[in-house]
Amino acid sequence: MRPSDKEAYRTLLVEWNDRVAWIWARYYVAAAARIRERLLDVAEVKPGDSVLDVGTATGSAAIAAARRVGETGRVVGIDTSPKMVKKARESAAESGLITLEFHLMDSASLEFVDSSFDAVISCFGQPETPWDVPTALQEWRRVLVPGGRFCHCGEADSGDERFAERFQQVFEKHKVRNPGPGLTATRRLRSLAAKEAKQAPRWEANLLETAGFAAVRHFTETFEVTIPASASLEPSLMWGMLDEYLAMPPRVQERFRQEAIKAMRPFETREVNVAFFVARRATS
Ligand SMILES: C[S@@+](CC[C@H](N)C(=O)[O-])C[C@H]1O[C@@H](n2cnc3c(N)ncnc32)[C@H](O)[C@@H]1O
C-alpha cells in the first residue's frame, strides 16, 4: 500500500469511528462490561496507579479504571476519533471522577515521556491499521515504568464467524453493481487495506517479545454478549459501508435493512471468544 493510500485509509477510519461513537456509547459499552472488568483484574489495576487506556473510544475502560485507581491515581484515555473523545469527556464529566483525562492521539505515536504509566490497557483498542501494531506495541512498552503491566484484549481468531458471514450474504445480494467514482475509490482503499492486513504480523506472544515486553502470556475466555439486531446493523453500516448503503436505491435500502436485521436476530445474544495478552516491561 502506498503511503498516500495508507494516509487516506487512516482518514476514513477516523470518519467511520466518528460515525459510530453514539451507538458505541449506547449499546456496546454496556454489552462489554464484564470483559472490561476482567481486563482491569488481569492488568491488576489498583489504587494509586497511573493508567493509559489506548483506543479508549467513549472512555468506558478508562472510567472503570479511574474508579479503581481512586483519587491518588491518574487515568488517561487516548483515541484518534474526535467524536469518541468528545463523548468520553462528557461521560467523565457526568461521572464526577477528577483523575481522568482524554486526548486525541494515535496509539502508534504517543505524546508521553518514557516511563509515564504503571499500566497500559487496551480493551479492543488496537490500531485499526494492523500494520501499525508492532510500532504501537513498542510505544506502549516505552511509556510503561520498568515492571509496569500491559494487558490487551480483543476478539480471538477462533471466534464464531456466522454473524459476519450472514451479514455479508445479505449485503452481497443487495450491493450496487455499477458503483460511481466515490464508491469505487472507497472500495479500492478497503480492498488494499484488507490485503495489507493479511500480511501484517498477527497478535502472538512473540510480537510482544519482539517489542521488548517480558513475562508475556496469553489466554482466551468466552463471554456472552447481548446487542439488539437493529443496534448491530448501524455500526456494520456506518463503519465502512455507508457509501455502499447510500448508493443503493431507496427501495433496496429498505429491503436490505429488513433482511439484515432478520439475519442478525439469531445472534443478538452470542458467545464471543476474547483473547487476552498480558505482559510487563522488564525491570532492567
Ligand atoms: C473497538 S473501539 C475500542 C473500545 C473501547 N476501548 C471500550 O472499551 O469501549 C476501537 C477504538 O480504537 C480507536 N483507534 C483505532 N485506531 C487507533 C489508533 N491508531 N490510535 C488510537 N485509537 C485508535 C478507534 O477510534 C475506536 O474508538
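Computed from a predicted model, the values in this text were never measured in an experiment.

Looking now at the overall build of the chain. A count of helical and extended segments in the chain gives 11 helices and seven strands. Relative to its length of 284 residues, the chain is compact, with a C-alpha radius of gyration of 19 Å against a globular reference of 19 Å. With the principal axes as the frame, the chain shows a C-alpha extent of 60 × 40 × 30 Å. Burial statistics for the chain: of 284 residues in total, 33% are counted as buried. The contacts of the chain with a sequence gap of at least 6 include a subset with a gap of at least 24, amounting to 85%.

Its location among the elements puts Val-42 in helix 2 (residues 33–42). Along the sequence, Val-42 and Phe-277 sit 235 residues apart, while their C-alpha atoms lie 9.5 Å from each other. Not counting chain neighbours up to four residues away, the residues in contact with Val-42 comprise Cys-151, Phe-276 and Val-278.

Below, the discussion takes up the site of the ligand. Every one of the 22 residues lining the ligand counts as a neighbour, but Asn-17, Gly-55, Ser-107, Cys-123 and Pro-127 are closest to it. Listed by contribution, the elements that provide at least two residues to the shell around the ligand are helix 1 (3–31), helix 3 (60–69) and strand 2 (74–79). Partitioned by chemical class, the residues of the shell around the ligand number 10 nonpolar, eight polar and four charged.

Now for the nonpolar core. Core analysis: the largest hydrophobic core is formed by 52 residues, its most contacted members being Val-51, Ala-65, Val-120 and Ile-121. Looking at this core, the element that brings in the most residues is helix 3, giving seven residues. With residues near it in sequence (within four places) discarded, Val-51 still touches Val-45, Ala-65, Val-69, Val-75, Phe-117, Asp-118, Ala-119 and Ile-121. Counting residues in each nonpolar core, the second largest holds nine residues, with Phe-167, Val-170, Phe-256 and Met-264 among its members.

As a further point, take helix 9 (residues 229–238). Each full turn of the α-helix corresponds to 3.6 residues, which orients residues three or four apart in the same direction. Along helix 9, the residues that are buried comprise Ser-232, Leu-233 and Leu-237. Here the buried residues of helix 9 occupy an arc of 130° about the axis, which is enough to place them on one side. Buried-residue contacts for helix 9 involve helix 10 (242–247) and helix 11 (250–264). With its phi angle positive at about 95°, Gly-240 sits one or two positions after the end of helix 9.

Here we come to the pairing of strand 2. Burial of strand 2 is extensive: six of the six residues sit out of reach of the surface. With burial as the criterion, each face of strand 2 is covered, one bearing Arg-74, Val-76 and Ile-78 and the other bearing Val-75, Gly-77 and Asp-79. Here strand 1 (residues 50–54) pairs with strand 2 via five bridges, running parallel. From the neighbouring strand, Val-51 faces strand 2, where its bridge partner is Val-75. Each parallel crossover has a hand, and for strand 1 linked through helix 3 to strand 2 it is right-handed. The parallel pair strand 2 and strand 3 (residues 100–104) is bridged by helix 4 (residues 82–95), and the resulting crossover is right-handed.

Where strand 4 (residues 117–123) meets strand 5 (residues 144–155), six bridges bridge the pair, whose relative direction is parallel. Of the residues in strand 5, the one forming a bridge with Cys-123 is Cys-153. With helix 5 (residues 133–142) bridging strand 4 and the parallel strand 5, this β-α-β connection has right-handed handedness. Both strand 5 and strand 7 (residues 269–281) contribute to a ladder of seven bridges, which runs antiparallel. By the bridge assignment for strand 7, Gly-154 is matched with Ala-275.

Once that is clear, we can look at unusual backbone geometry. Its identity is not glycine, yet Phe-124 carries a phi of approximately 60°, on the positive side. Along the polypeptide, Phe-124 turns up in the loop between strand 4 and helix 5.

Now for the packing of helix 9 against helix 11. Helix-helix packing is described using two parameters, namely the angle between the two axes and the distance between the axes. Two numbers describe how helix 9 lies on helix 11: the axes approach to 9 Å, and their chain directions differ by 120°. On the basis of the axis angle, helix 9 is oblique to helix 11. Seen along the crossing, helix 9 lies across helix 11 with a hand that is right-handed. Here helix 9 contributes Ala-229, Ser-230, Ser-232 and Leu-233 to the contact with helix 11, which in turn contributes Arg-257, Ala-260, Ile-261 and Met-264.

What counts and what doesn't
- Residues numbered from 1 in each chain as written.
- Predicted model: local features only at pLDDT ≥ 70, side-chain atom pairs only at ≥ 80, totals over all residues.
- Helix = DSSP H or I, 4+ residues; strand = E, 2+ residues; numbered from the N terminus.
- Rg over C-alpha atoms; globule rule 2.2 N^0.38 Å.
- Buried ≥ 20, exposed ≤ 12 C-beta atoms within 10 Å, placed from the backbone.
- Contact = placed C-beta atoms within 7 Å.
- Near = placed C-beta within 6 Å.
- Nonpolar A, V, L, I, M, F, W, Y, C, P; charged D, E, K, R; others polar.
- Core = buried A, V, L, I, M, F, W, Y, C linked by C-beta atoms within 7 Å.
- Arc of directions from axis to C-beta.
- Pairing = 2+ DSSP bridges.
- Right-handed = clockwise from strand over helix to strand, strands pointing away.
- Axes fitted to C-alpha atoms, helices over the stretch in contact; angles between N-to-C directions.
- Parallel < 35°, antiparallel > 145°, perpendicular 65-115°, else oblique.
- Left-handed = near helix turned anticlockwise from the far one by under 90°.

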